[in-house]
Each structure stands twice: as structure tokens, then as C-alpha cells.
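Listed below are the residues making up each chain.
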Amino acid sequence: MIDIVDAKFITSAPNVGAAPEAQEQNEVVFMARSNVGKSSLLNALTNHKGLAKVSSTPGKTKLINYFDVTFLDRDTSTKLIAKFVDLPGFGYAKVAKSMKHDWEKNLTDYIANREEIKIFIHLIDCRHPHLEIDTEVNDFLLQTIQENQYIIQIFTKIDKLNQKEQSALRREFPNALMVSSSKKRGMNKIVKVIYDILKVNVDAN
Ligand code: GDP
């Protein structure tokens, strides 16, 4: 059983240049359109209600927020520390013409050049799985990621779908994870998937 036993806010950076130095390649980046439930998920995963601000104002946060997060493998008593990175919500523009228009250039640069990033977590509202902006983000990530980086797609607010709709979504996106922060469903799985990827990286170094 893997748990997140500690999480604390480190700093906010307005741009890539101000990002904190990282010793290890252990950053987990969370990205989503505004209002998809990123803050709620960060709070639920870390069991820390006020860690990330839950806001009903789309696009309010424009800073990159950093959190130090401690994982504990209860079977082996092994601890692992990672950085969770909360990127500003994208999709302010009404029509998503291209990533560059929708998302500040320095964010795309960040994603492409920050070698410390090990996992990209792309959150998608389960009720809108086919938005152009999300397809663009996914394509951008697929083009950009290096060999040692991973993309995890997570559908949020799964409590909004009935069983039949959930099954259909699962069939269509067999590799994606599903989560409900409000009903606390799917948390353990996400924590374990993140831990397992980071652990392999730590062991290899
Ligand atoms: P963010 O902008 O991506 O950080 O999204 P927030 O975490 O601020 O959530 C946006 C809205 O969605 C808020 O009103 C949350 O209460 C709601 N929300 C977040 N997660 C869930 C969930 O799992 N289920 C439901 N039903 N609502 C959620």
C-alpha cells in the first residue's frame, strides 16, 4: 500500500526561469483546462484540503505552484520524495486554434525543456472527453516527451457519469485513469501509478 504522508507548498513561480532547482528527476506535472478539478485532485491526493486553492473562477491562477510530496510504501517502509507541479489552467481562449495561442509560450517551453519532469498528468473532464484543446495538449505532449517521461491521462468528476457511461469511457480510453475527488474514488490507484514510475527512476540512478 502506497500513501502520500506529507505534502507542503514550496513556492510559486511566474515563469520557468523562476522555477526552483531540482536535484532529482522527479517532477510530476499536473495540467488541465481551468475548472476541470486539478486543485481538488491535488488536495484529495495529498489529503490536504487547503494545499491547492479550489476556485470557481476559471483561469485565475497563472503561477506555477510547487509542492514537495512524500510517498510511503507501507510494506517496505520506503519513502520517496517528489515534486508536484501545478501548472496554470489552460483554455482561456474561446476557440483553441493552437497550443501557442491558448497557452503562454513560457509554459510550452517549460514542458519541452524541464528535464526534471518525469510524469505529465493530463486531466480531462469525463463529461467532455473530446475537446479540441485536450486533443491538442495530448498531441503536443506526445511530440514533446523524451524517452524517460510518461503521460498519464486522468478523467475527473467521474461521479457525474452513470455506470454505463463510465464503461463506455473505459472502453474508449483503456489506458486512462478515472477519478472523483469529491467521492474520493480512484485515489489509491493514481498514487500507486505515480509512485511506481518514480520508483523505477530513483532505483536506476
Ligand atoms: P481547477 O480549476 O482545475 O483547479 O478545478 P477545481 O478543483 O477548482 O474544481 C472546479 C469545480 O469542480 C469546483 O466547483 C469543484 O468543487 C468541482 N469538482 C472538482 N472535483 C470534482 C469531482 O470529483 N466531482 C464533482 N462532482 N465536482 C468536482
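What comes next concerns the included structure.

Conventions used here
Residues numbered from 1 in each chain as written. Predicted model: local features only at pLDDT ≥ 70, side-chain atom pairs only at ≥ 80, totals over all residues. Heavy atoms only, no water. Near = heavy atom within 4 Å. Polar contact = N/O pair within 3.5 Å; in protein donor to acceptor, adjacent residues only side chain to side chain. Areas by Shrake-Rupley, 256 points an atom, 1.4 Å probe, with all protein chains shown as cover. Buried < 20%, exposed > 50% of the residue type's maximum accessible area, 1.4 Å probe, protein only. Helix = DSSP H or I, 4+ residues; strand = E, 2+ residues; numbered from the N terminus. Pairing = 2+ DSSP bridges. Phe/Tyr/Trp six-rings, centres within 6.5 Å; stacked < 30°, edge-to-face > 60°. Salt bridge = Lys/Arg side-chain N within 4 Å of Asp/Glu carboxyl O. Contact = heavy atoms within 4.5 Å. Axes fitted to C-alpha atoms, helices over the stretch in contact; angles between N-to-C directions.

Notes on the site of the ligand
As a structural note, the neighbourhood of the ligand is formed by 15 residues, with Asn35, Lys38, Ser39, Ser40 and Asp159 the closest of them. Val36 is positioned such that a nitrogen or oxygen atom in its backbone is 3.3 Å from an oxygen atom of the ligand. In this structure, an oxygen atom belonging to the ligand sits 2.9 Å away from a main-chain N or O atom of Gly37. For the ligand, whose accessible area on its own is 580 Å², the fraction buried by protein is 77%.

So, the pairing of strand β3 (residues 64–73)
Of all ten residues in β3, ten are buried; the element is thus mostly enclosed. With burial as the criterion, each face of β3 is covered, one bearing Ile64, Tyr66, Asp68, Thr70 and Leu72 and the other bearing Asn65, Phe67, Val69, Phe71 and Asp73. Sheet topology places strand β1 (residues 2–13) next to β3; ten bridges connect them, and they run antiparallel. When the sheet's bridge partners are listed, Ile2 is paired in β3 with Asp73. Note that β3 and strand β4 (residues 78–86) share nine bridges and pair antiparallel. When the bridges of β4 are listed, Phe67 appears paired with Phe84. A loop of four residues connects β3 with β4, the two strands running antiparallel in sequence, and Ser77 in this loop sits at a positive phi of about 60°.

Considering the packing of aromatic side chains
Following the criterion strictly, the structure yields five aromatic pairs and no others. In textbook terms, an aromatic cluster arises when at least three aromatic residues are bridged by ring pairs, as seen for Phe30, Phe71, Phe84 and Tyr195.

Focus: the pattern of salt bridges
Summed over the entire model, instances satisfying the criterion amount to nine salt bridges. Ionic pairing is found between Arg114 and Glu116, a salt bridge with its closest N-O pair at 3.5 Å. Exposure remark for Arg114: the relative accessible area of 10% places this residue in the buried category. On the accessibility criterion, Glu116 (18% relative accessible area) is buried. Each member of the salt-bridge network shares a partner with another, and the members are Glu27, Arg114 and Glu116.

Things to note about the sheet that holds strand β7 (residues 177–178)
The strand order across the open sheet built from seven strands is β1-β3-β4-β2-β5-β6-β7, with neighbouring strands paired in mixed fashion. Only two strands of the sheet have a single partner each, and these edge strands are β1 and β7. Sitting on the sheet, helix α1 (residues 38–46) touches β1, β2 (27–32), β3, β4 and β5 (117–125), and the angle it makes with β2 is about 145°.

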